[in-house]
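# Structural characterization, general
Below, each chain spelled out in residue letters.
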Amino acid sequence: MTDAQEFSLWLSPHILDNIARVLREGYQWPQERIEEYLDVLDDISQNSGGDIIAPPQTVSDCPDWEDNRILDLAAEVGAMLVVSNDSDLLATSPWRGTPVLTPKHFAEKVDGMRRYRRR
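Let me sum up the structure you'll find in this document. (Residues numbered from 1 in each chain as written. Predicted model: local features only at pLDDT ≥ 70, side-chain atom pairs only at ≥ 80, totals over all residues. Heavy atoms only, no water.)

## Regarding a negative patch on the surface
A cluster of acidic residues, Glu32, Glu35, Glu36, Asp39 and Asp43, forms a negative patch at the surface. Among the secondary structure elements, Glu32 is positioned in helix α3 (residues 31–47). (Patch = residues over 30% accessible without salt bridge, like charges linked within 9 Å, V, L, I, M, F, W, Y side chains within 5 Å. Areas by Shrake-Rupley, 256 points an atom, 1.4 Å probe, with all protein chains shown as cover. Salt bridge = Lys/Arg side-chain N within 4 Å of Asp/Glu carboxyl O. Lys, Arg positive; Asp, Glu negative; His and termini not counted. Charge placed at Lys NZ, Arg CZ, Asp CG, Glu CD. Helix = DSSP H or I, 4+ residues; strand = E, 2+ residues; numbered from the N terminus.)

What follows is the structure in structure tokens.
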């Protein structure tokens, strides 16, 4: 089973801008490499049934403005879960009934689910 059959990746321009900033400032990636990486993320989102959308800014549940933009996206697409390493986002879990999982916890759950199906 492929991930694109089980999960959709939804992104926003805000998320992509932050990814580019971290890669540029934190990892000193050249702009060309950043653009290639963002193109790959775009392809993954499209091929998984997700998309890149600019959701309306309606959420103000977190003190961190950036975290609210992530939750805006989750609310707009009706996300079943949010995957993040952000400690403030993780502290909101479950946010309006939506679990917020670390990437490691998400991978463990997916692995367990797939092992259970193979029985």
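## Details of the nonpolar core
What tends to happen in soluble globular proteins is that the nonpolar side chains get buried as a cluster. Core analysis: the largest hydrophobic core is formed by 10 residues, namely Leu11, Ile15, Leu16, Ala20, Leu23, Trp29, Ile34, Leu38, Leu41 and Leu73. Among the secondary structure elements, those contributing two or more residues to this core are α2 (13–26) and α3. Tallying contributions element by element places α2 first for this core, with 4 residues. Contacts of Trp29, omitting those with residues within four sequence positions, involve Leu23, Arg24, Ile34 and Tyr37. Counting 8 residues, the second-largest nonpolar core is a separate cluster that includes Leu71, Val82, Leu89 and Trp95. (Core = buried A, V, L, I, M, F, W, Y, C linked by side-chain atoms within 4.5 Å. Buried < 20%, exposed > 50% of the residue type's maximum accessible area, 1.4 Å probe, protein only. Contact = heavy atoms within 4.5 Å.)

These results come straight from atomic positions and should not be treated as a statement about function.
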